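Close look at the chain arrangement
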Amino acid sequence: LFRSGARAERQAVDEAWTDALATARRALAIDPEDVGARIVVGGVDYLRDDTRGYEAERDRVLATNPRAWEFFHGVAELCVKEHRYDEANALEEEALKREPKSWVALAAIGSNWLRLGDDAKGLQALREAWKRDPYNVRTYNLLQLFEDVIPKQYLLVEGTPFRFRVSKREEPVLLHYVKPFVAREYAELVKRYKFTPAGPLTIELYANPEHYAVRTVGLPGLEALGVTFGKVVTGMSPAGGRFNWGLMLWHEVAHIFSIQMSRARVPRWFTEGLSEYETQRLDPTWTRRTHAELAHALAEGKLLSVGDLNLGFTRARDVSHMVVTYHQAAEEVMFLVRRFGFDVVPKALKLFAAGKETAEVIPAITGMSVKAYDAAFLADLRPRLKAYENNFYVRASDFSDVEALRDEIAAHPNDERAKGLMAMALLKAQQGDAAQKLIEKAVEHPTSPEVLLAAGEIFVARKERAMAKKMFSGLIAEKHDGYDARLWLGKIAVDEGDVAEAKKQLALAKAFDPDSAEPYALLARALLKTDPDAAVAELEAAAKLEVMDSSIPKTLVEIYAKDKRWADVVR
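The shown structure was predicted, so the numbers you read here are calculated from the model rather than taken from an experiment. (Residues numbered from 1 in each chain as written. Predicted model: local features only at pLDDT ≥ 70, side-chain atom pairs only at ≥ 80, totals over all residues. Heavy atoms only, no water.)

1. Considering the sheet that holds strand 4 (residues 226-228)
Read from one edge to the other, the open sheet built from five strands follows the order 1-2-3-5-4, with strand pairing classed as mixed. The open sheet is flanked by strand 1 (154-157) and strand 4, the only strands paired with a single partner. In this sheet, adjacent strand axes meet at a mean angle of 10° when their direction is disregarded. Here strand 4 pairs with strand 5 (residues 232-236) via three bridges, running antiparallel. By the bridge assignment, glycine 226 is partnered in strand 5 with glycine 235. Helix-sheet contacts for helix 9 (residues 137-153) involve strand 1, strand 2 (162-167) and strand 3 (201-206), and the interaxial angle to strand 1 is about 75°. Where helix 12 (residues 245-261) meets the sheet, it contacts strand 2, strand 3, strand 4 and strand 5, and its direction lies at approximately 15° from that of strand 4. (Pairing = 2+ DSSP bridges. Helix = DSSP H or I, 4+ residues; strand = E, 2+ residues; numbered from the N terminus. Axes fitted to C-alpha atoms, helices over the stretch in contact; angles between N-to-C directions. Contact = heavy atoms within 4.5 Å.)

Okay, structure coming up:
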């Protein structure tokens, strides 16, 4: 019963509505009074705008327990995951009617008002909830942030269409750039989407990562650089990390349009893909540089059907596994626009607003079945990923799931690939000795390229370059040539001052992965003293490929300033 209930809830979060209903009903066949399963059935009906179904489920629950506030709170929580905060609060109010002491519901109301941009109502509800339940960590964190931190360190600058909450220290310079930037995007999107979002719209940029995380999710620690709630965008300020703040803001503001136009019913794959499309439309360099990851997934047959693409977000084991889904979503939307024109985008958003799902929307905007559309998409994608064929490389996601690798090695002690990947994970965790011990026997007679690669990386870490070169050259000799082998040989050549060899190996690395900035940055390092003009050209190429790393343009600015090339400094 517990497993069925948990699975049903997970399927509802995945927007796998039919599966969620089937699983929940299996749980109800065991226990007709299981509230968790009733929440899923009622929640799915509510989210699909099946008013009659939702009301029947609600009445069924209340007939058994007239004070079943948990039902309303549970459905509201599902609404929150879909950005439907107004509806969530209406449900939480119903929960309070059934049980006036449901302080969890009251705290949720406060959080939702903050997500909607109404600080006064949000704080009023949170203060009352805290008086009654002084053990809710999120309530405590939010109150401390809004009552103690924000008044001292941040200010709210009113404006139209956006108001801004920014650090008092940063406000003079930050808003000088941010205000016209987002105003330009807003005007462009209003015109192209023929839609004006409801306000007030708020952009909040936090100088401290913990302030941003608490404001966004109520707890410290959040990997995302920005989040959009529909009317409110929260994000890190440029001072809070080395990232492209313009890309982040343009991406998040685009979410406002897709969320509001669809009445918060847009599936995640479409809203993420659309925001990626908008950033690339603004600046072609603002694109995902993970074609290698995408090509790997394509070769392994792991790309999802567009009808199942949301699962790539909700079921990813970690951020590195989500990378492929983000990139596929971007490619899906860009393919739709290239093949069918931009007009399909607002049309799709209106269909989602009407309660249609991906399986219905794709045929409506393309005239193709989902199966035919998937085939057309892959046919379009394959030639654009041709550079990654016959290319051995290891992705971060190959060894990010350490527990899975540990289990694989325990079950199959002779699995050299798993050992090689595990060794790379150990190296990343600064456990070089453990990595070496894991593969030292396999290195004598390797049957897996991952072992050779891991061994080479271990020797590099130990500054045993001759042995490292032997391992990487062995990869090539064993017909596992590719980006990894050539990049490492290029790195070693740079460290040894062999510029000619560095040029040769890094040129091959560039060909194997046209997305990667690292070969360009490495070659620039090798050339800076002997051929500064060539080094600058390499850095310029690297800056266009790696738009999230501020160190590359910073280096260029310093070089250009020294030479008084002021136009290049500004650029």
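2. A closer look at helix 25 (residues 465-477)
Taking 1.5 Å per residue as the helical rise, helix 25 with its 13 residues ought to reach 18 Å, and the 18 Å between its terminal C-alpha atoms agrees with that figure. Here helix 25 has its buried residues at Ala468, Met471, Phe472, Gly474 and Leu475. Burial along helix 25 is one-sided: seen end-on, the buried residues are contained in an arc of 150°. Exposed and facing more than 90 degrees away from the buried side of helix 25 are Ala466, Lys470 and Ala477. Each element contacted by the buried residues of helix 25 is listed here: helix 23 (432-444), helix 24 (449-461) and helix 26 (483-496). Lysine 479 occupies a position one or two residues after helix 25 and carries a positive phi of about 65°. (Expected span 1.5 Å × (residues − 1). Buried < 20%, exposed > 50% of the residue type's maximum accessible area, 1.4 Å probe, protein only. Arc of directions from axis to C-beta.)

3. Quick look at the packing of helix 2 (residues 17-30) against helix 3 (residues 35-47)
One can describe the packing of helix 2 onto helix 3 by two numbers: an axis separation of 8 Å at closest approach and a directional angle of 150°. Judged by the angle between their axes, helix 2 and helix 3 are roughly antiparallel. Between helix 2 and helix 3 lies a crossing whose hand is left-handed. Seen from helix 2, the contacting residues are Trp17, Ala20, Leu21, Ala24, Arg25, Ala27 and Leu28; seen from helix 3, they are Ala37, Arg38, Val40, Val41, Val44 and Leu47. (Parallel < 35°, antiparallel > 145°, perpendicular 65-115°, else oblique. Left-handed = near helix turned anticlockwise from the far one by under 90°.)

4. Quick notes on the side chain of asparagine 141
Looking at where asparagine 141 falls in the secondary structure, it is placed in helix 9. Looking at asparagine 141, the relative accessible area reads 14%, which means it is buried.

5. Some details on the pairing of strand 5
Within strand 5, five of the five residues are buried, which leaves it mostly tucked inside the rest of the structure. Every second residue of strand 5 is oriented toward a common face, with Val232, Thr234 and Met236 on one face and Val233 and Gly235 on the other, all of them buried. By the bridge criterion, five bridges tie strand 3 to strand 5 in an arrangement that is parallel. Across the sheet, the residue bridging to glutamate 204 is threonine 234, located in strand 5. Linking two consecutive strands that pair antiparallel, namely strand 4 and strand 5, is a turn of three residues; a positive phi of about 125° is found at glycine 230 within it.

6. Brief notes about the packing of aromatic side chains
Here the structure, examined in full by the defined rule, presents 22 aromatic pairs. For the pair phenylalanine 181 and tryptophan 245, a centre-to-centre distance of 5.5 Å together with 65° between the ring planes defines the contact as edge-to-face. A residue pair is termed long-range when its members are at least 10 positions apart, and phenylalanine 181 in helix 10 (residues 171-193) and tryptophan 245 in helix 12 qualify at 64 residues. For tryptophan 245, a relative accessible area of 24% translates into the label partly exposed. Three or more aromatic residues joined by ring pairs form one cluster here, namely Phe162, Phe164, Tyr186, Tyr193, Phe195, Phe257, Tyr277 and Phe342. (Phe/Tyr/Trp six-rings, centres within 6.5 Å; stacked < 30°, edge-to-face > 60°.)

7. A closer look at the pattern of salt bridges
On inspection of all chains with the given rule, the structure shows 43 salt bridges. Note that aspartate 481 is salt-bridged to arginine 486, the shortest N-O span being 3.0 Å. In this structure arginine 486 comes out as buried when scored by relative accessible area, which is 11%. Between aspartate 495 and arginine 525 there is a salt bridge whose closest N-O contact spans 2.7 Å. (Salt bridge = Lys/Arg side-chain N within 4 Å of Asp/Glu carboxyl O.)

8. Remarks on the environment of phenylalanine 72
The topology assignment puts phenylalanine 72 in helix 5 (residues 69-81). Through-space distance from the C-alpha of phenylalanine 72 to that of glutamate 92 is 6.2 Å; in sequence the pair is 20 residues apart. If near-sequence neighbours (up to four positions away) are discounted, phenylalanine 72 is found in contact with Tyr54, Arg58, Leu62, Leu91, Glu94, Ala95 and Arg98.

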